[in-house]
Amino acid sequence: MAEIDFENITKRYGEGPPAVDGLSLHINDGEFMVLVGPSGCGKTTALRMLAGLEEITSGTLKIGGAVVNNTLPKDRDVAMVFQNYALYPHMTVANNIGFALKVRGDSKDEIKRKVAEAAAILRLEDYLERKPKALSGGQRQRVAMGRAIVRSPQAFLMDEPLSNLDAKLRVEMRLEIARIQRLLNVATVYVTHDQVEAMTMGDRVAVMRDGQLQQVDTPQNLYDRPANEFVAGFMGSPPMNLVTCELRAGSDRIEVLVGEQTLEFPLGYVDSHDLPASGARVVMGVRPEDVIITDASAPNTLKTRVERCEALGSEILVHLSHGDAAPASASDDLLQRAFARRSTLIAKLGPRTTVRAGDVLSVQISPEHAHFFDAESGATLRKVSS
């Protein structure tokens, strides 16, 4: 078991922009670290460099304090679990799990003992004589994990191992993988594009975008204190509502103009959140569960119209138009962010709430639940506590 350190790691393919750009990340011994982000963000490339399957362009990679930049994959003492299981179809479960030990030259008795131990951990004791074609998707994934476990590596590397499973089985396997990782207490680096997997499985989560690390923290801190607009919009299901607005300072309050409507926050809110001067455009963010349906006479309300409702059984997601569309821009990046700053708000309501398309509702946005981001850079506007 060992700590893992990415120290300013960069990976380039040809003359284009780097696939991974200056990644610095420390993973503690026994920690479950999730790398998450959209397709093409560099998370799988980072994992493959850690496994030794991709060469490092620059920077230093350490496992257990030893530099492994030029160490062959077989000598890194890490075990990788792939998305497609990579099982030998002609071998039994027992032989699949023990194959690496056989290649390594372990004795038959040692292989049998380690396979039995892994099978007990993975709850595969009754399937050891079956072949992969006789197993379900979840069972095949556990066999793939068994091949990693028997090697007793310094670290487990997992590349979207649940992406081939159906929704119900993904939930079951999330719990199973987390249970096994806690039991073995081995540093684990888990790659996924699914932020729900990241939130529910990781001790810490590293959010990546365009090859760069955006933020690394516990799942709850990422949700409550996002470092920038991208993290705010990516983490959470449904995502944070992002609205372009304008600030105006009054004598005893700060006005937040959302289209032609106005919210009023205490004047001290400006200092505590490091907001720009009056007249500046910023992006306000609010989580769906913090969009509260209320009476029009309540403070800090917006008049909205129900566009559609999504009944999910345990909750209802209500899409509310407020008439605030972000201005268009020639910049692709700004266009993407403008699209994310929807002219609708999503409110998360209880399952017995009675609303329908066309209803006009007042929703309350409380100051304590609002986030603000710079309209150009996307950086959070919040002073760091000393």
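Residues numbered from 1 in each chain as written. Predicted model: local features only at pLDDT ≥ 70, side-chain atom pairs only at ≥ 80, totals over all residues. Heavy atoms only, no water.

S.K.: Looking at this model, I keep getting lost on the nonpolar core. Mind explaining?
M.R.: Grouped together as the largest cluster of nonpolar side chains are 46 residues, with contacts concentrated most on Val36, Ile97, Ile177, Tyr190, Val205, Val207 and Met235. Ranked by residues supplied to this core, first place goes to helix H3 (residues 108-122) with 6 residues. Ile97 has contacts with Val115, Ala118, Leu124, Leu128, Val143, Gly146, Arg147 and Val150, leaving out every residue within four places of it along the chain. The next biggest cluster of nonpolar side chains, apart from the first, holds 28 residues, and it includes Met284, Leu302, Ile316 and Val318. (Core = buried A, V, L, I, M, F, W, Y, C linked by side-chain atoms within 4.5 Å. Buried < 20%, exposed > 50% of the residue type's maximum accessible area, 1.4 Å probe, protein only. Helix = DSSP H or I, 4+ residues; strand = E, 2+ residues; numbered from the N terminus. Contact = heavy atoms within 4.5 Å.)

S.K.: Honestly, the sheet that holds strand S6 (residues 78-81) in this entry has me stumped. Any pointers?
M.R.: Either a parallel or an antiparallel arrangement is found when strands of a sheet pair, and the pairing is made through backbone hydrogen bonds. An order of S6-S7-S8-S3-S9-S10 is seen for the 6 strands of this open sheet, with the pairing classed as mixed. The outermost strands of the open sheet, each flanked by one partner alone, are S6 and strand S10 (212-217). Ignoring which end each strand starts from, the neighbouring axes of this sheet average 20 degrees apart. By the bridge criterion, 5 bridges tie strand S3 (residues 32-36) to strand S8 (residues 187-192) in an arrangement that is parallel. What sits directly across from Val34, in S8, is Tyr190. (Pairing = 2+ DSSP bridges. Axes fitted to C-alpha atoms, helices over the stretch in contact; angles between N-to-C directions.)

S.K.: Teacher, can you tell me more about the environment of Lys74 here?
M.R.: Summarising the element assignment, Lys74 is placed in the loop between strand S5 (66-67) and S6. Judged by its relative accessible area of 64%, Lys74 falls in the exposed class. A polar side-chain atom of Lys74 sits 3.3 Å from a polar atom in the side chain of Asp75. (Polar contact = N/O pair within 3.5 Å; in protein donor to acceptor, adjacent residues only side chain to side chain.)

S.K.: Where do I start with unusual backbone geometry in this structure?
M.R.: What you tend to see is this: most non-glycine residues have negative phi, and most peptide bonds are trans. With omega at 0 degrees, the peptide bond leading from Ser237 into Pro238 counts as cis. Here Pro238 is to be found in the loop between helix H8 (229-234) and strand S11 (241-249). Look at Asn185: it is not a glycine, yet its phi comes out positive at around 55 degrees. On the secondary structure map, Asn185 appears in the loop between helix H5 (167-184) and S8. Exposure remark for Asn185: the relative accessible area of 41% places this residue in the partly exposed category. Even without a glycine there, the phi angle at Asn300 is positive, about 55 degrees. Topologically, Asn300 is positioned in the loop between strand S15 (292-294) and strand S16 (301-311). Take Asn300: its relative accessible area is 14%, and that puts it in the buried class.

S.K.: Help me out: how do you make sense of the packing of aromatic side chains in this one?
M.R.: Ring pairs (aromatic) are described by centroid distance and by the angle formed between their planes. Here the structure, examined in full by the defined rule, presents 4 aromatic pairs. Here Phe32 and Tyr190 contribute two aromatic rings whose centre-to-centre distance is 5.7 Å and whose plane-to-plane angle is 40 degrees, an arrangement assigned as tilted. In this pair, Phe32 is assigned in strand S3 and Tyr190 in strand S8, connecting sequence segments 158 residues apart. By the burial criterion, Phe32 is buried, and Tyr190 matches it. When the ring centre of Tyr13 is taken as origin, the NZ or CZ atom of Lys11, which lies over that ring, is 4.9 Å away. (Phe/Tyr/Trp six-rings, centres within 6.5 Å; stacked < 30°, edge-to-face > 60°. Lys NZ or Arg CZ within 6 Å of the ring centre and 35° of its normal.)

S.K.: Just to check I follow, could you spell out the packing of H3 against helix H4 (residues 137-149) for this structure?
M.R.: Two quantities define a packed helix pair, namely the angle between the helix axes and the distance between the axes. For the pair H3 and H4, the least separation of the axes is 9 Å and the interaxial angle reads 135 degrees. With respect to their mutual orientation, H3 and H4 come out oblique. As H3 runs across H4, the sense of the crossing is right-handed. Contact with H3, carried on its side by Ala118, Ile121 and Leu122, involves Arg142, Met145, Gly146 and Ile149 of H4 and no other residues of that element. Partitioned by chemical class, the residues of the contact of H3 with H4 number 5 nonpolar, 1 polar and 1 charged. (Parallel < 35°, antiparallel > 145°, perpendicular 65-115°, else oblique. Left-handed = near helix turned anticlockwise from the far one by under 90°. Nonpolar A, V, L, I, M, F, W, Y, C, P; charged D, E, K, R; others polar.)

S.K.: Help me understand the packing of H4 against H5, please; the structure alone is not making it clear to me.
M.R.: Packing of H4 against H5 brings their axes to within 11 Å, and their N-to-C directions diverge by 20 degrees. Classified by the angle between their axes, H4 and H5 sit roughly parallel to one another. As for how H4 packs across H5, the hand of that crossing is right-handed. In contact with Gly137, Gly138, Gln141, Arg142, Met145 and Ile149 of H4, H5 contributes Leu169, Met173, Glu176, Ile177, Ile180 and Leu184. Split by residue class, the contact of H4 with H5 holds 7 nonpolar, 3 polar and 2 charged.

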